[in-house]
Amino acid sequence: MFASFTEQAQHSKLMRDLNVGDRNIAIRPGVRIQHPGRVTFGHNVMINQGSMLFAGGPISIGDDVVMGPGCMLVTGNHVGEVFYGSRERRPIKIGSNVWLGAGVIVTPGVTIGDNVIITAGAVVTKNVPSNVIFGGVPAKMIRPLELPFASSYEDSI
């Protein structure tokens with residue numbers, strides 16, 4: 001699973017810094033989290049390899065959340081006319097039962113509701129209501145998400 005002892009040691013330190021206890025949190029190799037003390041987790045969360053959480057501001061992740069590979073949650077932004085000018089930090093909140101496809105980017109101040117799918121490669125710049133599928137650049141609603149889920153596999157048997 002890990003390429004080297006150093007990577008394994010870094011992963012162990014990250015898990016200690018996140019203070020996740022027994023909440024069934026899976027952080028895959030290669031995940032980077034800036035300021036892990038500003039990230040809170042619900043239960044049953046998986047963050048896939050290559051994802052980055054830039055927690056200059058707080059990040060809250062609910063229960064039963066899966067992040068595909070290469071996702072980015074970014075809470076900070078530069079504002080003003082000077083590149084190194086003022087910075088703003090706005091929280092990101094992700095509800096429960098959320099799936100972020102591969103390469104999703106969530107920008108500062110976004111709240112994602114419960115029971116949401118964000119399609120691969122989407123850039124989420126605005127709040128996402130519950131019970132929807134969102135996608136695109138910038139992300140917008142594709143359609144409502146009908147609950148409970150019906151398995152298409154079972155329908156074909």
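Residues numbered from 1 in each chain as written. Predicted model: local features only at pLDDT ≥ 70, side-chain atom pairs only at ≥ 80, totals over all residues. Heavy atoms only, no water.

A. Quick peek at the side chain of N48. Position of N48 among the secondary structure elements: in the loop between strand 4 (45–47) and strand 5 (52–54). Apart from the residues lying within four places of it in its own chain, the contact partners of N48 are R28, V31, M67, G68 and P69. (Helix = DSSP H or I, 4+ residues; strand = E, 2+ residues; numbered from the N terminus. Contact = heavy atoms within 4.5 Å.)

B. Representation of the nonpolar core within the structure. Residues L53, I61, L73, I94, L100, I112 and I118 are the most contacted members of the largest nonpolar core, which totals 32 residues. Not counting residues up to four positions away in its chain, the partners in contact with I112 are K93, I94, G95, V98, L100, V106 and V128. (Core = buried A, V, L, I, M, F, W, Y, C linked by side-chain atoms within 4.5 Å. Buried < 20%, exposed > 50% of the residue type's maximum accessible area, 1.4 Å probe, protein only.)

C. Local environment of the side chain of N115. When you line up the elements, N115 lands in the loop between strand 14 (111–112) and strand 15 (116–118). Here the side chain of N115 touches N97 through a polar contact of 2.8 Å, side chain to side chain. Contacts of N115, omitting those with residues within four sequence positions, involve S96, N97, V98, S130, N131, V132, L145 and L147. (Polar contact = N/O pair within 3.5 Å; in protein donor to acceptor, adjacent residues only side chain to side chain.)

D. Geometry of the sheet that holds strand 8 (residues 72–74). Across the sheet, five strands lie side by side as 2-5-8-13-16; this open sheet has parallel pairing. Bordering the open sheet on either side are strand 2 (32–34) and strand 16 (123–124), each of which pairs with just one other strand. (Pairing = 2+ DSSP bridges.)

E. Quick peek at the pairing of strand 18 (residues 140–144). In the sheet, strand 17 (residues 132–135) pairs with strand 18 via four bridges, with the strands oriented antiparallel. Within strand 18, the position partnered with F134 by the bridge is M141. What sits between strand 17 and strand 18 in their antiparallel hairpin is a turn of four residues, with G136 showing a positive phi close to 105°.

F. The arrangement of unusual backbone geometry in detail. Cis geometry marks the peptide bond from V137 to P138, where omega comes out at -10°. Its identity is not glycine, yet H35 carries a phi of approximately 60°, on the positive side. If you trace the backbone, H35 turns up in the loop between strand 2 and strand 3 (39–41). The phi torsion at N115 lies on the positive side, around 55°, for a residue other than glycine.

G. Expanded view of the environment of D22. In this fold, D22 is placed in the loop between helix 1 (5–18) and strand 1 (25–27). Classification of D22 by relative accessible area gives exposed; the value is 73%. In this structure, the C-alpha to C-alpha distance between D22 and H43, residues 21 residues apart in sequence, is 8.4 Å.

H. The sheet that holds strand 18, seen in detail. Judged by pairing direction, the sheet is mixed, and its seven strands sit side by side in the order 1-4-7-12-15-17-18 without closing on themselves. Of all strands in the sheet, those bounded by a partner on one side alone are strand 1 and strand 18. Mean inter-strand twist for the sheet, computed between neighbouring axes without regard to direction, equals 10°. (Axes fitted to C-alpha atoms, helices over the stretch in contact; angles between N-to-C directions.)

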